[in-house]
Amino acid sequence: MPKSCEVVIDRNAVTINGRSLANAVPIDSFEGFLGKPNRTGSSIGLAYVFGHYGKAHLYDDIGLLMLEHHETALITSIELCGEDPDGIQTTKTPFSGKLTIGGIPIRIGDPVGLLDNSEVHFSSRLPEIPFADIRSSEKGGFTIGVSIQPRGSIQHSTNPRSDGSVAIGSVLLMLHHPSKLDRAEPRDARESPS
């Protein structure tokens, strides 16, 4: 299975390795194009705080963490992990794949100001977490959140600085939960809708 990952987020959709996601789906939907997770276990951290006690699925080799909803077992959260100095809940390696947000190539550790040039418009209501709500062209949608860290603390940055500017620490996708009748599988983004 792939040892790399390409995530594209635009104003209408999110795709992972060419598969379009419209809303929450079961973990086995990802296994066809990402393989099985390296580890699966109880979720902790923010998932615990928000009352979602489902399993955590960690793709250590590509830096993806997926959390499932505690009642439906659908994946509702996908994190492109940054470095986690506390080691609370993260993959063994940070996300190192290709990431494009609103037409802008992004890497974990890049200056958060790059998002200002994106076609995806991020809210500044929470100054510590730039986020955007995106409705899918299909039923569903998702929220994207970007954690920020002091720029000098990111080791994998393409241009590390310690001047107090902030860097992208991780990217979190919250997939909207479909009704029981509207569940959908990820589909190949190259396929035309039927």
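Residues numbered from 1 in each chain as written. Predicted model: local features only at pLDDT ≥ 70, side-chain atom pairs only at ≥ 80, totals over all residues. Heavy atoms only, no water.

1. Brief notes about the overall build of the chain
Okay, so step 1: For the chain, the count of helices and strands is two helices and 14 strands.
Okay, so step 2: Taking all 194 residues of the chain together, the buried fraction comes to 46%.
Okay, so step 3: Put simply, 57% of the contacts in the chain that link residues at least 6 apart link residues at least 24 apart.
Okay, so step 4: Working note: accessible area of the chain is about 10,300 Å², and carbon and sulfur atoms make up 52% of it. (Helix = DSSP H or I, 4+ residues; strand = E, 2+ residues; numbered from the N terminus. Buried < 20%, exposed > 50% of the residue type's maximum accessible area, 1.4 Å probe, protein only. Contact = heavy atoms within 4.5 Å. Areas by Shrake-Rupley, 256 points an atom, 1.4 Å probe, with all protein chains shown as cover.)

2. Examining the packing of aromatic side chains
Okay, so step 1: Under the definition given, this model contains one aromatic pair.
Okay, so step 2: Ring centres 5.9 Å apart and planes at 50° place the aromatic pair Phe30 and Phe33 in the tilted group. Of this pair, Phe30 and Phe33 both sit in helix 1 (residues 28-34), separated by three residues, roughly a single helical turn. In terms of burial, Phe30 and Phe33 fall into one category: buried. (Phe/Tyr/Trp six-rings, centres within 6.5 Å; stacked < 30°, edge-to-face > 60°.)

3. Regarding the nonpolar core
Okay, so step 1: Within the largest apolar cluster, 39 residues are counted, with the highest numbers of intra-cluster contacts made by Ile9, Phe30, Leu34, Leu64 and Ile78.
Okay, so step 2: When neighbours within four sequence positions are excluded, Leu64 is seen to be in contact with Cys5, Leu34, His57, Leu58, Tyr59, Ile78, Glu79, Leu80, Thr91 and Phe95.
Okay, so step 3: Core analysis: the next-biggest nonpolar cluster, separate from the first, contains five residues, Ala56, Leu58, Leu65 and Leu67 among them. (Core = buried A, V, L, I, M, F, W, Y, C linked by side-chain atoms within 4.5 Å.)

4. What to know about unusual backbone geometry
Okay, so step 1: Backbone geometry places Asn17, a non-glycine residue, at a positive phi of 50°.
Okay, so step 2: Among the secondary structure elements, Asn17 is positioned in the loop between strand 2 (14-16) and strand 3 (19-21).

5. So, the confidence of the model for the chain
Okay, so step 1: In this model, the chain carries a mean pLDDT of 75, and residues with pLDDT of at least 70 account for 68%.
Okay, so step 2: Every residue in residues 151-164 is under pLDDT 50, and counting partners more than four places away or in other chains gives 29 contacts.
Okay, so step 3: Counting interchain partners and residues more than four positions distant, the pLDDT-below-50 stretch residues 180-184 has eight contacts. (pLDDT = per-residue confidence, 0-100.)

6. Quick look at the environment of Asn117
Okay, so step 1: Note on placement: Asn117 falls in the loop between strand 10 (104-106) and strand 11 (131-135).
Okay, so step 2: Spatially, the C-alpha atoms of Asn117 and Gly102 are 8.2 Å apart, while their sequence positions differ by 15 residues.

7. A short note on the pattern of salt bridges
Okay, so step 1: Summed over all chains, the structure comprises two salt bridges.
Okay, so step 2: Between Lys36 and Glu31 there is a salt bridge, with its nearest N and O atoms 3.2 Å apart.
Okay, so step 3: Classification of Glu31 by relative accessible area gives partly exposed; the value is 21%.
Okay, so step 4: In this structure, Asp60 and Arg39 form a salt bridge, with 2.8 Å as the shortest nitrogen-oxygen distance. Of this pair, Asp60 sits in the loop between strand 6 (55-59) and strand 7 (64-68) while Arg39 sits in strand 5 (residues 39-42), and the two are 21 residues apart along the sequence.
Okay, so step 5: On the basis of relative accessible area, Asp60 is assigned to the buried category, the value being 8%.
Okay, so step 6: The exposure class of Arg39 is partly exposed, given its relative accessible area of 33%. (Salt bridge = Lys/Arg side-chain N within 4 Å of Asp/Glu carboxyl O.)

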